[in-house]
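Each chain, letter by letter, is given below.
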Protein chains: 2
Amino acid sequence: MDLSERQLQILQAIITDYVENAEPVGSRSIAKKYDLGVSPATIRNEMSDLEEMGYLTHPHTSAGRVPSDKAYRLYVNNLMKKKNLSAKDKRMINNRLSASRDEFDRTIRHAAELLSEITHLASFAMTPATNEETISFIRLLPVDERTLILMIVGESGNVTNTTLRMNVPYTQEAIDLLSKNMTVSYKGRTLDDVLKSEIIHDVGSDIEALSSLRTNVMPSFLRTLEDMLNVNLYMEGMTNIFNLPEYTSIDRARDFMELFARKDWFTQKMLARDNGVVVTIGDENDTMKDCSLITATYHVDGKLVGKIGVIGPTRMKYDEVTSIMEYLTNNLSESFRLPGESGDGNAGDGNAGKDDAGDK
Amino acid sequence: MDLSERQLQILQAIITDYVENAEPVGSRSIAKKYDLGVSPATIRNEMSDLEEMGYLTHPHTSAGRVPSDKAYRLYVNNLMKKKNLSAKDKRMINNRLSASRDEFDRTIRHAAELLSEITHLASFAMTPATNEETISFIRLLPVDERTLILMIVGESGNVTNTTLRMNVPYTQEAIDLLSKNMTVSYKGRTLDDVLKSEIIHDVGSDIEALSSLRTNVMPSFLRTLEDMLNVNLYMEGMTNIFNLPEYTSIDRARDFMELFARKDWFTQKMLARDNGVVVTIGDENDTMKDCSLITATYHVDGKLVGKIGVIGPTRMKYDEVTSIMEYLTNNLSESFRLPGESGDGNAGDGNAGKDDAGDK
DNA sequence: ATTAGCACTCTCATTAAACGAGTGCTAACA
DNA sequence: TGTTAGCACTCGTTTAATGAGAGTGCTAAT
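### So, the pattern of salt bridges
All names here are of chain A. One pass over the structure, following the stated rule, counts 27 salt bridges over all chains. Note that Lys-317 is salt-bridged to Glu-20, the shortest N-O span being 4.0 Å. On the criterion of sequence distance, the pair formed by Lys-317 in the loop between strand S10 (304–313) and helix H12 (318–335) and Glu-20 in helix H1 (residues 5–21) is long-range, its members being 297 residues apart. In this structure, Arg-254 engages Asp-251 in a salt bridge whose closest nitrogen and oxygen atoms are separated by 2.8 Å. With Arg-254 and Asp-251 both in helix H10 (residues 250–261) and three residues apart, this pair spans about one turn of that helix. What makes Asp-251 partly exposed here is its relative accessible area of 42%. One salt-bridge network, in which partners are shared between bridges, spans Arg-96, Glu-113 and Glu-117.

Encoded structure:
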């Protein structure tokens with residue numbers, strides 16, 4: 001039950017027109033604007049068939065046709081062609097990203113900004129998931145007689161720290177020893193692994209002071225590990241959607257905004273998506289069934305994987321958006337590539353990127 | 001030109017009614033609901049006078065009266081009485097805050113959540129400004145042969161770090177020396193002070209390796225200081241406003257949401273406000289002229305000052321909201337008080353300041 | 001000074017009519 | 001047999017008119 005060449009042309013025309021104007025498109029305007037060499041009547045017949053096959057819908061009898069999710073899916077899979085970015089957009093992306101190349105999180109945020117500025121849609125970008133991150137070392141640093149800093153450093157330069165206040169004073173020797181001790185225990189293990197394993201039992205009955213210190217530190221250690229696992233999520237251009245005709249109803253707009261108020265939930269959803277450029281359209285989403293969602297992944301040192309994405313109505317310029325995202329993720333991955341060829345990299349909460357000092 | 005007792009009663013009644021129902025209130029309903037012992041006609045006369053004095057406005061000839069900003073101001077300054085929180089709200093606040101007492105940023109976020117949940121308005125909370133924070137020490141830690149971590153620790157346990165990648169290898173001696181060196185230079189000085197001072201010149205011509213290392217590190221040091229100055233801003237309940245009748249127009253809603261999209265700008269605005277509970281109503285704000293804004297401050301160790309706030313329409317339960325905020329900030333300040341003389345109970349619980357690495 | 005009474009104003013909801021875009025069908029045509 | 005012109009029909013949208021309702025502002029009586 002394949003579509004004829006002409007049907008594809010008509011479908012494409014309808015999609016193009018509808019994406020542009022957000023209004024049901026009629027046979028007459030198709031015939032006029034797109035030079036298909038057939039009359040409106042013929043187009044009407046084809047449209048009727050396309051509707052029967054589920055590619056078009058009809059808001060009401062005397063309205064034009066609107067593409068269905070199925071039509072967009074066909075378009076994305078088979079019809080659309082890769083777009084070249086305008087020189088202006090390319091320049092903008094290059095400039096903005098290179099300006100902050102050495103500050104990892106800022107670069108990610110800039111990526112989100114760029115995405116929403118260029119697409120005029122809502123966008124997000126998240127730092128890489130660190131499940132696979134392995135611990136490099138653990139360090140305790142004294143602040144004052146009761147306060148110390150717990151610091152966990154990952155192999156890729158990820159750092160997370162917590163300031164903790166002890167209820168009894170500690171000695172420099174004790175914290176040095178505990179630092180070493182913990183580093184030996186956990187070095188090379190992934191965060192996930194450490195978090196899941198039973199930690200309590202390995203409280204060796206070493207020196208008395210050390211054991212008490214360890215008891216104080218352990219809960220914070222676990223929480224700090226959890227912190228380290230959290231990805232940062234940057235959202236931009238949420239208010240762009242107010243300019244779209246599909247969100248002039250306050251209810252739709254509210255629903256949309258509420259999605260993003262639930263940051264943790266949203267983060268989990270996005271992390272669960274496949275790598276690469278992924279498009280989900282309307283009903284294909286389990287929430288946001290009237291939206292389309294496009295995500296793409298960038299790499300850090302070829303290892304860690306972070307996501308960027310765009311959310312908008314199903315009526316969306318899929319060709320442009322996917323092309324932009326592809327360009328952007330390539331650029332990001334390039335930025336985050338290790339300068340040399342050495343194995344490990346640099347990512348996460350701290351700043352990262354290529355040689356920091358090198359580019360002033 | 002003082003208001004008579006009766007005029008005050010009527011004004012209060014109008015405010016109460018309008019805040020409740022969001023509809024212009026007429027003389028008849030005032031006479032009915034509030035037992036003032038006078039007829040609608042009398043009330044009408046008084047209303048007319050109140051309008052002339054600028055306390056009421058008239059959407060159109062045949063509509064009831066609406067309180068003006070001036071009326072709300074009078075109400076806030078003279079009329080309203082402190083409200084007692086419900087036991088339920090108190091319990092909620094106590095529970096939620098104590099659950100995370102040892103994680104500073106999370107507590108702040110919880111405060112924002114509580115505020116929006118209880119008031120059903122948009123709220124925010126921000127970590128204390130650290131302009132006055134003084135540097136305790138600076139530390140460089142090795143990750144691998146090209147990567148190291150720069151860490152700045154404030155006297156109050158504030159920590160910020162940056163991962164930096166060097167373009168030439170460093171030696172352990174060099175980074176130890178530089179750490180000490182920098183600590184000596186900057187210890188005890190405020191972040192602001194250090195940032196403003198000319199730093200470059202004090203690159204001593206010490207050992208060759210050290211000088212080169214320092215050259216590499218300095219730019220990151222400054223950026224890290226800037227990071228450290230940034231306050232974290234948590235916003236909650238932005239979508240609550242969609243439920244209010246004043247924001248059923250998409251344009252109003254958009255304007256509202258756009259305010260909060262500009263986080264940096266918003267943060268600056270809020271930091272500039274006075275300490276204590278501050279209410280600004282409608283026109284008293286230079287932006288958001290149709291909103292009221294209530295901010296309050298909490299203390300950390302009696303020193304640092306952070307802000308929380310609520311944003312909503314001028315039609316707002318000022319008495320309740322200010323009471324809630326007072327309760328909440330007292331509770332927060334209490335939470336963040338130094339343990340002082342009593343070591344607190346639980347092992348490991350006792351983190352007073354905690355700071356995520358990464359920018360803002 | 002207060003109040004009852006009443007005309008007047010303005011908004012909002014309802015209804016009806018005219019409009020127009022676009023379809024679906026039929027019959028003619030190449 | 002596929003294509004096209006023609007035309008009746010449908011249905012949402014716009015415009016205008018109407019009436020109800022709420023509330024004021026004024027006047028005159030108390």
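After that view, the rundown keeps rolling.
### Considering the packing of aromatic side chains
For the structure shown, the criterion picks out 16 aromatic pairs over all chains. With a centroid separation of 5.6 Å and an interplanar angle of 50 degrees, the aromatic rings of Tyr-72 of chain B and Tyr-318 of chain B are classed as tilted. Taken together, the positions of Tyr-72 of chain B in helix H4 (residues 69–79) and Tyr-318 of chain B in helix H12 (residues 318–335) put the pair 246 residues apart, joining distant regions of the chain. We note that Tyr-72 of chain B, like Tyr-318 of chain B, is buried. Plain terms: the ring middles of Tyr-298 of chain B and Phe-336 of chain B are 5.8 Å apart, the flat faces sit at 55 degrees to each other, and that makes the pair tilted. Placement of the pair is Tyr-298 of chain B in strand S9 (residues 291–300) and Phe-336 of chain B in the segment after H12, with a sequence separation of 38 residues. Relative accessible area serves as the criterion here: at 4%, Phe-336 of chain B is assigned to the buried category. An aromatic cluster is defined as three or more aromatic residues linked by ring pairs; in this entry it consists of Phe-124, Tyr-247, Phe-256, Phe-260 and Phe-266 of chain A. Note that Arg-109 of chain A overlies the ring of Tyr-234 of chain A, its terminal NZ or CZ placed 5.8 Å from the centroid. Its end group placed over the ring of Tyr-247 of chain A, Arg-252 of chain A keeps NZ or CZ at 5.3 Å from the ring centre.

### Comments concerning the sheet that holds strand S7 (residues 233–236) of chain B
All names here are of chain B. The sheet built from five strands is open, its strands ordered S7-S3-S10-S9-S8 with antiparallel pairing. Strands at the two margins of the open sheet, each flanked by one partner only, are S7 and strand S8 (278–281). Each strand of the sheet is rotated relative to its neighbour by a mean of 15 degrees, with strand direction disregarded. Here S9 runs beside strand S10 (residues 304–313); their pairing, made up of 10 bridges, is antiparallel.

### Re the environment of Ile-43 of chain A
All names here are of chain A. Mapped onto the secondary structure, Ile-43 falls in helix H3 (residues 40–52). When its relative accessible area of 0% is taken as the criterion, Ile-43 is described as buried. Expressed as a C-alpha distance, the spacing of Ile-43 and Gln-12, which sit 31 residues apart in the sequence, is 13 Å. Ile-43 has contacts with Ile-10, Ser-27, Ile-30, Ala-31, Leu-36 and Val-38, leaving out every residue within four places of it along the chain.

### A closer look at the domain arrangement of chain A
Each assigned domain of chain A is listed with its residue range as follows: domain 1 (5–67), domain 2 (87–128 + 232–335) and domain 3 (135–229). Of note, the centres of domain 2 of chain A and domain 3 of chain A, computed from C-alpha atoms alone, are 36 Å apart.

### Some remarks on the protein's contact with DNA strand D
The immediate surroundings of DNA strand D are formed by 21 residues, with Arg-6, Thr-42, Thr-61 and Ser-62 of chain A together with Ser-27 of chain B found nearest. For DNA strand D, the fraction of atoms within 4 Å of the protein that belong to sugar or phosphate moieties is 77%. Here Arg-6 of chain A contributes a side-chain N or O atom positioned 2.8 Å from a phosphate oxygen of DNA strand D. Here Ser-62 of chain B contributes a backbone N or O atom positioned 3.2 Å from a sugar or linking oxygen of DNA strand D. Looking at the surface near DNA strand D, the elements that each hand over two or more residues are H3 of chain A together with helix H3 (40–52) of chain B. No other element matches the four residues that H3 of chain A contributes to the surface near DNA strand D. Among the residues making up the surface near DNA strand D, the classes are represented as four nonpolar, 13 polar and four charged.

### Points about H3 of chain A
Residue and element names in this part refer to chain A. The end-to-end C-alpha distance of H3, which contains 13 residues, comes to 18 Å, matching closely the 18 Å that a straight helix rising 1.5 Å per residue would cover. For H3, the set of buried residues is Ile-43, Glu-46, Met-47 and Leu-50. Taken end-on, H3 shows its buried residues confined to a sector of 105 degrees, consistent with a single buried face. Along H3, exposed side chains directed more than 90 degrees from the buried face belong to Asn-45 and Glu-52. Those residues of H3 hidden inside the fold are in contact with H1, helix H2 (27–33) and strand S1 (56–57).

### Re the environment of Val-279 of chain B
Residue and element names in this part refer to chain B. Within the element layout of this structure, Val-279 appears in strand S8. Measuring from C-alpha to C-alpha, the distance between Val-279 and Arg-109 comes to 22 Å, with 170 residues separating the pair along the chain. Ignoring sequence-local partners within four residues, the contact set of Val-279 consists of Arg-73, Val-76, Arg-273, Glu-284, Leu-293, Ile-294, Tyr-318 and Thr-322.

### Considerations on the protein's contact with DNA strand C
Around DNA strand C, the surrounding shell holds 20 residues, and the nearest of these are Ser-27 of chain A together with Arg-6, Thr-42, Thr-61 and Ser-62 of chain B. Taking the atoms of DNA strand C that fall within 4 Å of the protein, sugar and phosphate contribute 76% of them. Between DNA strand C and Ser-62 of chain A, the relevant distance is 3.2 Å, taken from a sugar or linking oxygen to a main-chain nitrogen or oxygen of the residue. For the surface near DNA strand C, the element with the most residues is H3 of chain B, which contributes four residues. Among the residues making up the surface near DNA strand C, the classes are represented as four nonpolar, 12 polar and four charged.

### Comments concerning the environment of Ser-39 of chain B
All names here are of chain B. Among the secondary structure elements, Ser-39 is positioned in the loop between helix H2 (27–33) and H3. Overall, Ser-39 belongs to the partly exposed group, its relative accessible area being 34%. Sequence spacing of Ser-39 and His-299 is 260 residues, and the spatial spacing of their C-alpha atoms is 51 Å.

### Looking at the sheet that holds strand S9 (residues 291–300) of chain A
Residue and element names in this part refer to chain A. Across the sheet, which stays open at both edges, the five strands sit in the order S7-S3-S10-S9-S8 with antiparallel pairing between neighbours. A single partner strand is all that each edge strand has here, and the edge strands are strand S7 (233–236) and strand S8 (278–281). Adjacent strand axes in the sheet meet at a mean angle of 15 degrees, parallel and antiparallel pairs treated alike. Relative to S7, strand S3 (residues 122–126) runs antiparallel, the two being bridged by four bridges. Bridge assignment links Ala-125 to a residue of S7, and that residue is Tyr-234.

Thresholds applied
Residues numbered from 1 in each chain as written. Chains lettered and ligands numbered in written order. Predicted model: local features only at pLDDT ≥ 70, side-chain atom pairs only at ≥ 80, totals over all residues. Heavy atoms only, no water. Salt bridge = Lys/Arg side-chain N within 4 Å of Asp/Glu carboxyl O. Helix = DSSP H or I, 4+ residues; strand = E, 2+ residues; numbered from the N terminus. Buried < 20%, exposed > 50% of the residue type's maximum accessible area, 1.4 Å probe, protein only. Phe/Tyr/Trp six-rings, centres within 6.5 Å; stacked < 30°, edge-to-face > 60°. Lys NZ or Arg CZ within 6 Å of the ring centre and 35° of its normal. Pairing = 2+ DSSP bridges. Axes fitted to C-alpha atoms, helices over the stretch in contact; angles between N-to-C directions. Contact = heavy atoms within 4.5 Å. Domains from an automatic or database assignment. Near = heavy atom within 4 Å. Polar contact = N/O pair within 3.5 Å; in protein donor to acceptor, adjacent residues only side chain to side chain. Nonpolar A, V, L, I, M, F, W, Y, C, P; charged D, E, K, R; others polar. Expected span 1.5 Å × (residues − 1). Arc of directions from axis to C-beta.

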